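So the chains spell out like this:
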Amino acid sequence: MEVYGWNDGMGWWGYVLMSISMVVIWGAIITGIVLLARFLRTPSPHATQPPPSRAAEDVLAERFARGEIDTAEYQNRLAVLRGHPGA
């Protein structure tokens, strides 16, 4: 005996369609949560770049302090940076 308003003669295709749509809806929800979590966790592309206040002279001074370049090379490169090549 069918209760009026229930089942509406939907048949098996209706249940299949409801099942597929439920999988699609849950898939969209889970995908949205994963993408949101990745977006919030990923650092800004601006954060990976060195700060603009870091001048070339600072980098040169750091290389000199670490011993990567000697005094003559440091002075020559510093002169070039300041616009006095060959000084």
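Above this text you will find the structure in question.
Residues numbered from 1 in each chain as written. Predicted model: local features only at pLDDT ≥ 70, side-chain atom pairs only at ≥ 80, totals over all residues. Heavy atoms only, no water.

Caption draft 1: Main features of the packing of helix 2 (residues 56-66) against helix 3 (residues 71-81). At a minimum axis distance of 10 Å, the contact between helix 2 and helix 3 shows a crossing angle of 180°. Classified by the angle between their axes, helix 2 and helix 3 sit roughly antiparallel to one another. The segment helix 2 lies against helix 3, with Ala56, Glu57, Leu60, Ala61, Arg63 and Phe64 engaging Thr71, Tyr74, Arg77, Leu78 and Leu81. The residue inventory of the contact of helix 2 with helix 3, partitioned by class, reads seven nonpolar, one polar and three charged. (Axes fitted to C-alpha atoms, helices over the stretch in contact; angles between N-to-C directions. Helix = DSSP H or I, 4+ residues; strand = E, 2+ residues; numbered from the N terminus. Parallel < 35°, antiparallel > 145°, perpendicular 65-115°, else oblique. Contact = heavy atoms within 4.5 Å. Nonpolar A, V, L, I, M, F, W, Y, C, P; charged D, E, K, R; others polar.)

Caption draft 2: Expanded view of the pattern of salt bridges. Counted according to the given criterion, the structure contains five salt bridges. Of the charged contacts in the structure, one is a salt bridge between Glu68 and Arg63, with a shortest N-O distance of 3.0 Å. Glu68 is the partner of Arg66 in a salt bridge, and the nearest nitrogen-oxygen pair spans 2.9 Å. (Salt bridge = Lys/Arg side-chain N within 4 Å of Asp/Glu carboxyl O.)

Caption draft 3: View of the packing of aromatic side chains. Counted under the stated rule, the structure contains one aromatic pair. An angle of 20° between the planes, with centres 4.6 Å apart, marks the rings of Phe64 and Tyr74 as stacked. Here Phe64, found in helix 2, pairs with Tyr74, found in helix 3; they are ten residues apart in sequence, far enough to count as distant. (Phe/Tyr/Trp six-rings, centres within 6.5 Å; stacked < 30°, edge-to-face > 60°.)

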